[in-house]
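Per-entry structural report
Next come the chains, spelled out residue by residue.
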Amino acid sequence: MQVSSSNTNDDSIKSYQSQIKRLSWVLGIVAAILILISFLAPWILTNNKFSIIDFTDTGGIGDTIGGIMNPFIGLAGIILTFLAFYLQYKANQIQIANFDRQLKQDRLHFENQLKEQKEQFLKNQIENQFIEMIRLHKENVSEMSLEIFTSITNNKETINGRKVFKHFLNEVNIIYEVIKKHFTEEDADFRIRLSYDYFFSGLSHVYLLNPPKSDLHQQAFRDFKNINSSFLSTPGVDGGVKIRDIVSDPRLNLNHLILSGHSNLLGHYYRHLFHSVKFIVNLNENAFPYEEKRKYLRLLRAQLSNEEQALLFYNWRSGYGTDWESQSNRFFTDFRMIHNLRPMQLHYDFDLAKEFNLNSGYRTEKGRNDDFLFEFQVRRNEI
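Here goes a summary of the coordinates provided. (Residues numbered from 1 in each chain as written. Predicted model: local features only at pLDDT ≥ 70, side-chain atom pairs only at ≥ 80, totals over all residues. Heavy atoms only, no water.)

1. Structural notes on the overall build of the protein
Tallying secondary structure elements over the protein gives eleven helices and two strands in all. Secondary structure elements in the protein, listed N-terminal to C-terminal, are α-α-β-β-α-α-α-α-α-α-α-α-α. Residue burial in the protein is summarised as follows: out of 383 residues, 40% are buried. Intrachain contacts of the protein at a sequence separation of at least 6 include 70% that bridge at least 24 residues. For the protein, the computed accessible surface area is about 22200 Å², with 54% contributed by carbon and sulfur atoms. (Helix = DSSP H or I, 4+ residues; strand = E, 2+ residues; numbered from the N terminus. Buried < 20%, exposed > 50% of the residue type's maximum accessible area, 1.4 Å probe, protein only. Contact = heavy atoms within 4.5 Å. Areas by Shrake-Rupley, 256 points an atom, 1.4 Å probe, with all protein chains shown as cover.)

Shown next as structure tokens:
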């Protein structure tokens with residue numbers, strides 16, 4: 001809009017200048033001719049060879065010359081005076097056009113500056129709010145605590161912060177392994193829903209002692225009770241907890257009581273994390289393009305350990321956090337919130353290649369050929 005207006009004004013000025021130039025030449029030539037004629041007219045008109053009128057009996061030569069030349073000189077003066085006024089008129093028009101153009105440019109410049117200031121102010125507000133969300137997330141993580149037995153001293157120890165998630169992830173995998181051991185006819189959907197429910201909500205001591213009448217539940221609960229009983233009787237990983245007698249996965253170790261429930265810690269943690277991601281995703285893409293949203297969410301994801309991302313996957317897969325990845329929200333795929341998740345952290349029943357389409361079906365950043373869904377794909381591609 002600004003460029004078009006400027007071009008129009010430039011064309012008008014050029015047109016004025018061209019008209020003035022042509023008219024100046026024409027009127028200047030006419031005036032010059034008239035002045036030339038004024039000098040030649042007395043000689044021509046008083047010479048008998050050229051004039052049919054006899055001027056020999058006229059008054060003094062000065063009166064004759066003045067009478068003959070004055071009309072031509074006067075006419076040339078009128079023309080030149082008109083030309084001067086016309087040039088001044090056109091110059092004023094050009095000045096007015098320049099002033100109008102400058103005024104429009106200044107107005108557009110001011111409007112653009114005001115718009116940029118508003119956008120920058122909005123961005124600063126968004127960034128400050130997002131930084132505050134990250135700060136609150138860190139506080140939520142720092143409030144995590146878990147009582148464990150150390151393998152070196154066999155003493156109780158309370159760990160805090162991000163270290164807790166490693167033990168949380170172990171617990172989910174152990175519970176899942178027990179459930180799978182007894183509910184052989186059920187699929188992975190059933191097992192992870194039941195396992196995560198036990199992990200998140202916990203099981204009371206009374207419920208463990210009096211499990212549901214189902215034989216499969218009783219067998220599973222017997223294993224749960226044995227794990228905790230062995231753990232309590234001889235604390236420490238190197239003590240009486242014979243985890244291999246119950247679950248065969250060599251990756252799984254235990255040094256805390258399971259099934260005590262963690263909803264009091266994780267409930268608020270997941271709600272705040274979800275709304276932080278949603279806050280960025282729902283920003284207007286005219287002001288915050290997709291690539292910029294990804295930049296913000298990388299900062300948030302950088303606060304999540306690999307174990308946190310694995311638990312976040314389980315939270316979604318169990319049905320507790322279905323909104324993390326759905327038709328309306330694509331926080332895992334389009335926005336890569338579990339990008340650092342490694343397959344070996346999950347139970348063997350969960351294949352990320354089957355859970356997600358690893359090669360397509362999600363948004364990517366412009367100009368990037370390595371914008372994979374998961375970090376392990378990048379390394380695999382480099383190999």
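There's plenty left to go through after this.
2. Remarks on the nonpolar core
Residues F168, F224, F313 and F356 are the most contacted members of the largest nonpolar core, which totals 78 residues. Listing elements by their share of this core, those giving two or more residues are helix 2 (61–142), strand 1 (145–149), helix 3 (163–182), helix 4 (188–201), helix 6 (215–233), helix 7 (263–281), helix 8 (290–301) and helix 9 (306–317). (Core = buried A, V, L, I, M, F, W, Y, C linked by side-chain atoms within 4.5 Å.)

3. Structural notes on the packing of helix 4 against helix 7
The interhelical angle for the contact between helix 4 and helix 7, taken along N-to-C directions, is 105°, at an axis separation of 8 Å. Classified by the angle their axes make, helix 4 and helix 7 are roughly perpendicular. Every residue of helix 7 that contacts helix 4 at Y196, F199 and F200 is listed here: S263, L266, G267 and Y270. Taken together, the residues of the contact of helix 4 with helix 7 sort by class into five nonpolar, two polar and no charged. (Axes fitted to C-alpha atoms, helices over the stretch in contact; angles between N-to-C directions. Parallel < 35°, antiparallel > 145°, perpendicular 65-115°, else oblique. Nonpolar A, V, L, I, M, F, W, Y, C, P; charged D, E, K, R; others polar.)

4. What about helix 8?
Here helix 8 spans 16 Å end to end across twelve residues, near enough to the 16 Å set by a 1.5 Å rise per residue. Listing the buried residues of helix 8 in full gives Y290, E292, K293, R294, Y296, L297, L300 and R301. (Expected span 1.5 Å × (residues − 1).)

5. Quick word on the side chain of Q303
By the element assignment, Q303 lies in the loop between helix 8 and helix 9. A relative accessible area of 17% places Q303 in the buried class. Reaching out from Q303, the side chain makes a polar contact with the backbone oxygen of L299 at a distance of 3.1 Å. Non-local contacts of Q303, meaning those with residues more than four positions away in its chain, are made with I134, H137, K138, R162 and E308. (Polar contact = N/O pair within 3.5 Å; in protein donor to acceptor, adjacent residues only side chain to side chain.)

6. Describing the pattern of salt bridges
Enumeration according to the criterion identifies 20 salt bridges in this entry. A salt bridge links E292 to K123; the shortest N-O distance between them is 3.4 Å. Here E292 is found in helix 8, whereas its partner K123 is found in helix 2, with 169 residues between them in sequence. The partly exposed category is assigned to K123, whose relative accessible area is 24%. (Salt bridge = Lys/Arg side-chain N within 4 Å of Asp/Glu carboxyl O.)

7. Re a nonpolar patch on the surface
Judged by side-chain polarity, W25, I29 and I33 come together as a nonpolar surface patch covering roughly 350 Å² of accessible area. By the secondary structure assignment, W25 is in helix 1 (residues 2–46). (Patch = residues over 30% accessible without salt bridge, like charges linked within 9 Å, V, L, I, M, F, W, Y side chains within 5 Å.)

8. Some words on the environment of R294
By the secondary structure assignment, R294 is in helix 8. Taking the C-alpha atoms as reference points, R294 and T364, 70 residues apart in sequence, are found 9.7 Å from one another. Side-chain polar atoms of R294 contact the side chain of Y290, separated by 2.9 Å.

9. Digging into the packing of helix 4 against helix 9
Running from amino to carboxyl end, helix 4 crosses helix 9 at an angle of 115°, the nearest separation of the two axes being 9 Å. Put simply, helix 4 runs roughly perpendicular to helix 9. Crossing handedness for the pair helix 4 and helix 9: left-handed. Packed against helix 4, whose contacting residues are D189, I192, Y196 and F199, the element helix 9 presents L311, Y314, N315 and R317 at the interface. Tallied by class, residues from the contact of helix 4 with helix 9 come to five nonpolar, one polar and two charged. (Left-handed = near helix turned anticlockwise from the far one by under 90°.)

10. A few points about the packing of aromatic side chains
As enumerated under the stated definition, the model contains 29 aromatic pairs in all. On the basis of an interplanar angle of 75° and a centroid distance of 5.8 Å, the ring pair of F168 and F199 is categorised as edge-to-face. With F168 in helix 3 and F199 in helix 4, this residue pair connects regions lying 31 residues apart in the sequence. Look at F168 and you get buried, because its relative accessible area is 0%. One aromatic cluster is present, built from ring pairs that chain together Y176, F274, F313, Y314, W316, W324, F331, F332, F350, F356, F374 and F376. Residue placement shows K295 over the ring face of Y296; its charged tip is 5.4 Å from the ring centre. The ring centre of Y290 lies 4.1 Å from the NZ or CZ of R363, which sits over that ring. (Phe/Tyr/Trp six-rings, centres within 6.5 Å; stacked < 30°, edge-to-face > 60°. Lys NZ or Arg CZ within 6 Å of the ring centre and 35° of its normal.)

11. Here we look at helix 9
Helix length check: helix 9 (twelve residues) gives 16 Å between terminal C-alpha atoms against 16 Å at 1.5 Å per residue, within 8%. All of the buried residues in helix 9 are E308, Q309, A310, L311, L312, F313, Y314, N315, W316 and R317.

12. What about the environment of L304?
Here L304 lies in the loop between helix 8 and helix 9. For L304, a relative accessible area of 6% puts it in the buried group. The spatial distance from the C-alpha of L304 to the C-alpha of N340 is 9.0 Å, given a sequence separation of 36 residues.

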